[in-house]
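Residue-level listing of the chains:
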Amino acid sequence: MAFNVPPLSSPNFPNLVYEPKEAEHWPKSLEPADYTAERAVSRAADAGAICVKAFVESGFGMFNWPYLHTETLQKIQAAARARKLVLMVHANSVDSWRSALDAHADIIAHGLWVWPGDFGNSVPPPAASNVIAAAARSGTHVQPTLQTVAGERAMIDPSLLDDPRLTMVLPPAVIDYLRLAEGVKARTALLEEYRKASPTPGFEPLLSAAIQRTRATFKVMLQDHVPLVFGSDSPGVNGFGNPPGLNGRLELQNWADAGAPPFLILRAATLDNATALGLSHELGSIEVGKRADLLLLKENPLASVSAYDSIETIFLNGEPIARDTLRAHN
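Conventions used here
Residues numbered from 1 in each chain as written. Predicted model: local features only at pLDDT ≥ 70, side-chain atom pairs only at ≥ 80, totals over all residues. Heavy atoms only, no water. Helix = DSSP H or I, 4+ residues; strand = E, 2+ residues; numbered from the N terminus. Rg over C-alpha atoms; globule rule 2.2 N^0.38 Å. Buried < 20%, exposed > 50% of the residue type's maximum accessible area, 1.4 Å probe, protein only. Contact = heavy atoms within 4.5 Å. Areas by Shrake-Rupley, 256 points an atom, 1.4 Å probe, with all protein chains shown as cover. Lys, Arg positive; Asp, Glu negative; His and termini not counted. Charge placed at Lys NZ, Arg CZ, Asp CG, Glu CD. Phe/Tyr/Trp six-rings, centres within 6.5 Å; stacked < 30°, edge-to-face > 60°. Axes fitted to C-alpha atoms, helices over the stretch in contact; angles between N-to-C directions. Left-handed = near helix turned anticlockwise from the far one by under 90°. Nonpolar A, V, L, I, M, F, W, Y, C, P; charged D, E, K, R; others polar. Patch = residues over 30% accessible without salt bridge, like charges linked within 9 Å, V, L, I, M, F, W, Y side chains within 5 Å. Salt bridge = Lys/Arg side-chain N within 4 Å of Asp/Glu carboxyl O. Pairing = 2+ DSSP bridges.

Observations regarding the overall build of the chain
- Counting its regular elements, the chain contains 12 helices and 7 strands.
- Its C-alpha radius of gyration of 21 Å places the chain within 12% of the 20 Å reference for a compact globule of 330 residues.
- The C-alpha extent of the chain, read off along each of the three principal axes, is 55 × 55 × 45 Å.
- Counting across all 330 residues of the chain, residues that qualify as buried make up 43%.
- Counted over contacts in the chain with a minimum sequence separation of 6, partners at least 24 positions apart contribute 63%.
- For the chain, the exposed area adds up to about 16,800 Å²; of that, 56% sits on carbon and sulfur atoms.
- In the chain, which carries 28 positive and 35 negative side-chain charges, the distance between the mean positions of the two groups comes to 1 Å.

Focus: the side chain of Ser198
- Checked against the element boundaries, Ser198 lands in the loop between α8 (181–197) and α9 (203–224).
- We classify Ser198 as buried; its relative accessible area is 17%.
- Residues contacting Ser198, with those up to four places away along its chain left out, are Met62, Phe203 and Leu206.

Regarding the environment of Ala210
- Assignment of secondary structure puts Ala210 in helix α9.
- Along the backbone, Ala210 and Asp224 are 14 residues apart, and their C-alpha atoms lie at a distance of 21 Å.

Section: unusual backbone geometry
- Residue Thr200 is joined to Pro201 through a cis peptide bond whose omega torsion reads 15 degrees.
- When you line up the elements, Pro201 lands in the loop between α8 and α9.
- The phi dihedral of Lys84 falls on the positive side, at around 60 degrees, and the residue is not glycine.
- Note on placement: Lys84 falls in the loop between α2 (70–82) and β2 (86–90).

Observations regarding the environment of Val229
- Structurally, Val229 is set in the loop between α9 and α10 (246–257).
- For the pair Val229 and Ile265, spaced 36 residues apart in sequence, the C-alpha to C-alpha distance is 8.4 Å.
- The residues touching Val229, leaving out its near neighbours within four places in the chain, are Ile107, His141, Val142, Gln143, Pro144, Trp255, Ala268, Asp272, Asn273 and Ala276.

A few points about the packing of aromatic side chains
- This model, assessed by the stated rule, comprises 4 aromatic pairs.
- A centroid spacing of 5.3 Å and a plane angle of 50 degrees characterise the contact between Phe218 and Trp255, whose relative ring orientation is tilted. With Phe218 in helix α9 and Trp255 in helix α10, this pair connects stretches of sequence that are 37 residues apart. Each member of the pair, Phe218 as well as Trp255, carries the same accessibility label: buried.

Brief notes about the packing of helix α4 (residues 126–138) against α9
- Packing of α4 against α9 leaves a shortest axis separation of 10 Å and a crossing angle of 40 degrees. Crossing hand, α4 versus α9: right-handed. Contact with α4, carried on its side by Ser129, Ile132, Ala133 and Ala136, involves Thr217, Val220, Met221 and Asp224 of α9 and no other residues of that element.
- Across the contact of α4 with α9, the residue classes break down as 5 nonpolar, 2 polar and 1 charged.

Considering a nonpolar patch on the surface
- A grouping of Phe60, Met62 and Phe63 is seen on the molecular surface, where their side chains present a nonpolar patch of about 240 Å² in accessible area.
- Structurally, Phe60 can be placed in the loop between β1 (51–55) and α2.

As for the pairing of strand β6 (residues 311–316)
- The pairing of strand β5 (residues 294–297) with β6 spans 4 bridges and is classified as antiparallel. By the bridge assignment for β6, Leu297 is matched with Ile311.
- By the bridge criterion, 4 bridges tie β6 to strand β7 (residues 319–322) in an arrangement that is antiparallel. Bridging across to β7, Ile314 finds its partner in Ile321.
- Counted between consecutive antiparallel strands, the loop separating β6 from β7 contains 2 residues, among which Asn317 sits at a positive phi close to 55 degrees.

And the structure:
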């Protein structure tokens, strides 16, 4: 389902799947029979996709958004398997995780930080522990993306602007803009929007609780040996707390800070990720016959996550690329 349907002068809407349980939100000008799971998955496969991603988000417990339900997810999964595609489900709540698991999703994208009850309570309830245990039993891969929530702190605390690594991913002119009055005004306006949309006790304490929730459930995933895979997430809003590129490095740090050992982090970012996406025959480890997409580090990533700050050379298809040549420019 889409949150906001664009003008119908663009008639294709290729990524929509009709959800019968959300029929009241469906655009009257679109024929439901034209938007089946099979159609959407076939389109992705014909375009060369290796996976499809379904969106299951009802609104963080605060909004009422239309979303895909279990039966429709099951149809998408059946169509995906018929075309040998991986099904990834966007889910961050107990209900959406349960739906993804019932549909036998291959990967759940995003951590778990939404459940019924007091928004300010960061202790995972039994319902959260239960779906995490179910993911472990079924061997469902989970891509936690802790930083997507933690990055929202930049609206309140702009200290990320002083991180020298930011200059690798954002042009100097953009960083200057974010520091100056116009950028501060835009950041403050976004913060006020969040504050207005937040229920009691308010945005700041709720954000703090959400960050604590992501870490608490991540620790349960570690304890239950859920198969974790690394992934980054840069929400398309005006905040700068999740800049593409640096977001991934901050995600690695979040894992380490929450207790993930360096070996697990390395595996999750390499071979385990390739395996989950059906690419282990060509990526994920250094072996004869595999594609040489590599990072050459000065330090040992099995000793500390800080080693990922010591990238010296990138190899893409076996061709070396000096790291500084990839630095953002004006």
